[in-house]
Amino acid sequence: MSHWRTDPGAGQPASAAPRQPVTVPQLQEWCDAGRRIAVLTAYDYPSARVLDAAGIDVLLVGDSVGMVVLGYDSTLPVTTEEMMHHTRAVRRGTQRALVIADMPFGSFQLGEMRAAETAVRFVKECGAHAVKIEGGTKAAPCIAAIAAAEVPVMAHVGLTPQSINLTGRYRVQGRTDDSVARVLEDAHAAEAAGAFAIVLECIPWRLAARITEELRIPTIGIGAGPHCDGQVLVMHDLVGYGVGELSPRFVKRYDSFSERLGEAAARFRADLDASSFPAREHCYELPAGELAAKYHLDHYVFPHSEEKQP
Ligand code: KIV
């Protein structure tokens, strides 16, 4: 979209009735009623508009932005300021979806007060409706402090990418005796601390099913099977944009944006080589009158046109 164009309805179905904003209590109601919750990551204004208009319930401004958009090799370098910048953009593009900002590495690990302060900043300065924090048992004091500061907080257990320096690599959790027990304990600790929902990442589907059955709050799965109350995917994985050859088995790819973008860019290159862009319809004319003659512009003719020089 050109930066000139500011029509507020762009990307919205023309006849759409005003849509009620999604709320935290509504997610619980949907969970209780068995309606699946659709969550995608979003990092910028145009994608937020499109996903919001498409009926996605929750837009998660994930710290995956660091790897997917900013090119870091993990999520660890992502700063609170970077997360705030992206959260503001997503919030500006959202009318209906609940916007959740991910608390980046270092923004909560150093203490509850810091965690609560950062969470409040996401709400006050960026318009986020809630925050997400990685961890269960260890993160419980921060979850409680954030909830006590009146900021709804989503937990995240199983594979927690911010723990990469402890785990060594991104791997499925809950496949050993210890690990199953830890994931279960983390999920219960997060709920007990006051989380309103919980992401279950990369755990066996039977374990996710048990957690979903045992917890009251909605479970949102990514690589956690079909029993979860909702599903989340990274938007770039969903549409095949900028992702490498290898994608985790839990990703279902619905499009090939990288390929399509590459093709469009190659066609642009070819148009320049063939001098077929810009065409007349992409150009501005002088107004009829004396200007062309006055400024000695009337001897210019449009390339490949039938126009004759005067
Ligand atoms: O950062 C992120 O995108 C996430 C989701 C994968 C849950 O945490």
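Along each chain, residue indices are assigned from 1 in the same order as the chain's sequence is written. Residues qualify for local features only when their pLDDT is at least 70, as the model is predicted, and side-chain atom pairs are given and counted only at 80 or more; totals for whole chains, interfaces and linings, by contrast, use all residues. Working from all heavy atoms in the structure, the side-chain values ignore hydrogens and water.

**Q** Outline the layout of surface pockets, supporting the account with residue identities and numerical values.
**A** Estimated volume of the largest pocket: approximately 1,100 Å³. E201, C202, I222, P248 and F250 are the residues nearest the centre of the largest pocket, which is lined by 44 residues in total. For the purposes of this entry, the term helix denotes a DSSP run of H or I that reaches at least four residues, the term strand denotes a run of E that reaches at least two, and both are numbered from the N terminus. At the level of secondary structure, the elements contributing two or more residues to the lining of the largest pocket comprise helix 3 (65-68), strand 4 (130-134), strand 6 (197-201), strand 7 (219-222) and strand 8 (230-233). At three residues, strand 8 tops the list of elements feeding residues into the lining of the largest pocket. In this analysis the probe radius is 1.4 Å and the grid spacing 1 Å, with only protein atoms considered; a cavity is a set of points the probe fits into but cannot get out of, a pocket is an open set with protein on both sides within 12 Å along at least five of seven lines, and lining residues have an atom within 4 Å of a point. Grid points are joined across faces, edges and corners, and a volume is the space filled by probe spheres set on the points. Its volume calculated, the second largest pocket comes out at about 700 Å³.

**Q** Report on the packing of helix 4 (residues 80-92) against helix 5 (residues 112-126), specifying residues and quantitative values.
**A** Helix axes use the C-alpha atoms of the stretch in contact, all axes being lines fitted to C-alpha atoms, and the angles between their N-to-C directions lie in the range 0 to 180 degrees. Following both chains from N to C, one finds helix 4 and helix 5 inclined at 35°, their axes separated by 10 Å at the closest point. Classified by chirality, the crossing of helix 5 by helix 4 is right-handed. Residues T80, E81, M83, M84, T87, R88 and R91 of helix 4 form the contact with helix 5, whose own contacting residues are T118, R121, F122, E125 and C126. Classification used: nonpolar for Ala, Val, Leu, Ile, Met, Phe, Trp, Tyr, Cys and Pro, charged for Asp, Glu, Lys and Arg, polar for all others including Gly. For the contact of helix 4 with helix 5, a count of residues per class yields four nonpolar, three polar and five charged. Note: crossing handedness is left-handed where the near helix turns anticlockwise from the far helix by less than a right angle, and right-handed where it turns clockwise. Contact between two residues is taken to exist if any of their heavy atoms lie within 4.5 Å; hydrogens are not considered.

**Q** Quick one: what's the story with the pattern of salt bridges, residue by residue and with numbers?
**A** Any carboxyl oxygen of Asp or Glu that lies within 4 Å of a side-chain nitrogen of Lys or Arg is treated as forming a salt bridge with it. Throughout the structure, instances matching the rule amount to 10 salt bridges. In this structure, E125 engages R121 in a salt bridge whose closest nitrogen and oxygen atoms are separated by 2.9 Å. With E125 and R121 both in helix 5 and four residues apart, the pair spans about one turn of that helix. The exposure class of E125 is partly exposed, given its relative accessible area of 38%. The buried label applies to any residue whose accessible area, calculated with a 1.4 Å probe on protein chains only, is under 20% of its type's maximum; exposed applies above 50%, and partly exposed to all values in between.

**Q** So what's going on with a nonpolar patch on the surface? Residues and values would help.
**A** Like charges are joined within 9 Å and nonpolar side chains (Val, Leu, Ile, Met, Phe, Trp, Tyr) within 5 Å, but only among residues with over 30% relative accessible area and no salt bridge; these make up the patches. Using a 1.4 Å probe, accessible areas were evaluated by the Shrake-Rupley method; residue-level cover was limited to the displayed protein chains. On the surface, L286, L291, Y295, L297 and Y300 cluster together into a nonpolar patch covering about 520 Å² of accessible area. Here Y300 lies in the segment after helix 12 (291-294). By relative accessible area, which is 57% here, Y300 ends up exposed.

**Q** Could you give an account of the site of the ligand, naming the residues involved and the relevant values?
**A** Taken together, T41, L60, G62, D63, S64, D102, K132, H156, V199 and I222 form the complete shell of residues around the ligand. Identification of polar contacts relies on pairs of N or O atoms within 3.5 Å, with a donor-acceptor requirement for protein atoms, meaning one able to donate a hydrogen and the other able to accept it, and with residues adjacent in sequence counted only if both atoms are side-chain atoms. One nitrogen or oxygen atom from the side chain of S64 is found 2.5 Å from an oxygen atom belonging to the ligand. With respect to the ligand, the side chain of K132 contributes an N or O atom lying 3.0 Å from an oxygen atom. Protein burial of the ligand: of its 260 Å² of free accessible surface, 95% is covered by the chains. Partitioning the shell around the ligand into residue classes produces three nonpolar, four polar and three charged. Proximity is defined per residue: if any heavy atom of the residue lies within 4 Å of a molecule or strand, that residue is considered near it.

**Q** Which residues make up the sheet that holds strand 4, and what values do they have?
**A** Strands belonging to one sheet form pairs held by backbone hydrogen bonds; the direction of such a pair is parallel or antiparallel. When DSSP finds at least two bridges between two strands, those strands are taken to pair. Read around the barrel, eight strands follow the order 1-2-3-4-5-6-7-8 and close on themselves; strand pairing throughout is parallel. Each strand of the sheet is rotated relative to its neighbour by a mean of 25°, with strand direction disregarded. Here strand 1 (residues 37-41) pairs with strand 2 (residues 58-61) via three bridges, running parallel. Across the sheet, L40 pairs through a bridge with L59, a residue of strand 2.

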